[in-house]
Amino acid sequence: MSAHRRAAVCAFCALLSGAALAAAAPPPGIGLMDAVRVTLAMDPVIHVQDQALEAARGGLLAAQGQFDPVPSAELRYQHNATPLTQIQRLSGLNFLKGDSVVYQAAMDQQFRAGLRVTPSLGMTRNQDNSTNASAPHIAAVNLNITVPLLRGHGEKAVAAKERAAVFEYQASTLDLWHTISGSIAKTTAAYWNYRAAT
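Remember, it's a predicted structure, so these values are computed and weren't measured experimentally. (Residues numbered from 1 in each chain as written. Predicted model: local features only at pLDDT ≥ 70, side-chain atom pairs only at ≥ 80, totals over all residues. Heavy atoms only, no water.)

A. Region of the structure containing the pairing of strand β4 (residues 137-146). Counting buried positions along β4 gives zero out of 10 residues, so the element sits mostly on the surface. With 10 bridges joining them, strand β3 (residues 116-128) and β4 adopt antiparallel strand pairing. Bridge pairing links Thr118 to Asn144 in β4. (Buried < 20%, exposed > 50% of the residue type's maximum accessible area, 1.4 Å probe, protein only. Helix = DSSP H or I, 4+ residues; strand = E, 2+ residues; numbered from the N terminus. Pairing = 2+ DSSP bridges.)

Now the structure itself:
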């Protein structure tokens, strides 16, 4: 049973506690609380609305994911072996061999105000057996800041999907509670009509 259904049963129990305590003995057969529990467990309309709420929750999480930091990393290695011509071999080398290694890491962050910040760090190491035998490392640090100036500027435009998803989730929650309360009301009325007829 979901948290919403447990809360509905607890609320219903609190409303009926006075009447339950006043009763001298429970009537034979199924009781009202049993009927309500069965309704909450088996009513397909409640199940459909519960799934709609889960879908709305997923939509909200997806919309909020736009503002999560996105890390990225890259590692590239390249090896080249180029055969030399007869004239080039006079230098004593038969092949020109080169190795290249590139490391790069970055983090992309979108803010609700529209600002996007992307810091990155990269290192490159190139080595060959001809002119670059010492293999120096070259490092680069970058900081990219993107600020929208016209369209898409400000939280009103950037966070619109997130706000819409919040409203959708809130509406789905209220729809579920309305569906649960309507089902409980129908079950209660049917139960007391049954008890009156027997």
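The rest of the description comes next.
B. Spotlight on the environment of Arg112. Relative to the assigned elements, Arg112 resides in the loop between β2 (95-110) and β3. A relative accessible area of 34% means that Arg112 is categorised as partly exposed. Counting along the chain gives 42 residues from Arg112 to Gly154, while the straight-line C-alpha distance between them is 7.2 Å.

C. Representation of the confidence of the model for the protein. The predicted model of the protein averages 83 in pLDDT, with 83% of residues at 70 or higher. Confidence scores differ between elements of the protein, with helix α1 (residues 3-22) showing the lowest mean pLDDT of 51 and helix α3 (residues 44-64) the highest of 94. Below pLDDT 50 for its whole length, residues 17-26 participates in zero contacts with residues either more than four positions away or in separate chains. (pLDDT = per-residue confidence, 0-100. Contact = heavy atoms within 4.5 Å.)

D. Spatial organisation of the packing of α3 against helix α5 (residues 160-197). Interhelical geometry of α3 versus α5 gives an angle of 165° and a closest axis separation of 8 Å. Between α3 and α5, the interaxial angle falls into the category roughly antiparallel. Crossing geometry of α3 relative to α5 is assigned as left-handed. When its residues are assigned to classes, the contact of α3 with α5 shows 12 nonpolar, seven polar and six charged. (Axes fitted to C-alpha atoms, helices over the stretch in contact; angles between N-to-C directions. Parallel < 35°, antiparallel > 145°, perpendicular 65-115°, else oblique. Left-handed = near helix turned anticlockwise from the far one by under 90°. Nonpolar A, V, L, I, M, F, W, Y, C, P; charged D, E, K, R; others polar.)

E. Region of the structure containing the sheet that holds β4. With respect to topology, four strands assemble into an open sheet ordered β1-β2-β3-β4, the strand pairing being antiparallel. One side of each edge strand has no neighbouring strand; the edge strands of this open sheet are β1 (70-83) and β4. Going from strand to strand, the sheet's axes swing by 15° on average, the running direction of each strand aside.

F. Spatial organisation of the nonpolar core. Core analysis: the biggest nonpolar cluster contains nine residues, these being Leu32, Val36, Leu40, Ile46, Leu53, Leu176, Ile180, Ile184 and Tyr191. When contributions to this core are tallied by element, the ones reaching two or more residues are α2 (32-42), α3 and α5. (Core = buried A, V, L, I, M, F, W, Y, C linked by side-chain atoms within 4.5 Å.)

G. Structural context of a nonpolar patch on the surface. Taken together, the side chains of Leu143, Ile145, Val147, Leu149 and Leu150 define a hydrophobic patch exposed on the protein surface, amounting to about 590 Å² of accessible area. Within the element layout of this structure, Leu150 appears in the loop between β4 and α4 (155-158). (Patch = residues over 30% accessible without salt bridge, like charges linked within 9 Å, V, L, I, M, F, W, Y side chains within 5 Å. Areas by Shrake-Rupley, 256 points an atom, 1.4 Å probe, with all protein chains shown as cover. Salt bridge = Lys/Arg side-chain N within 4 Å of Asp/Glu carboxyl O.)

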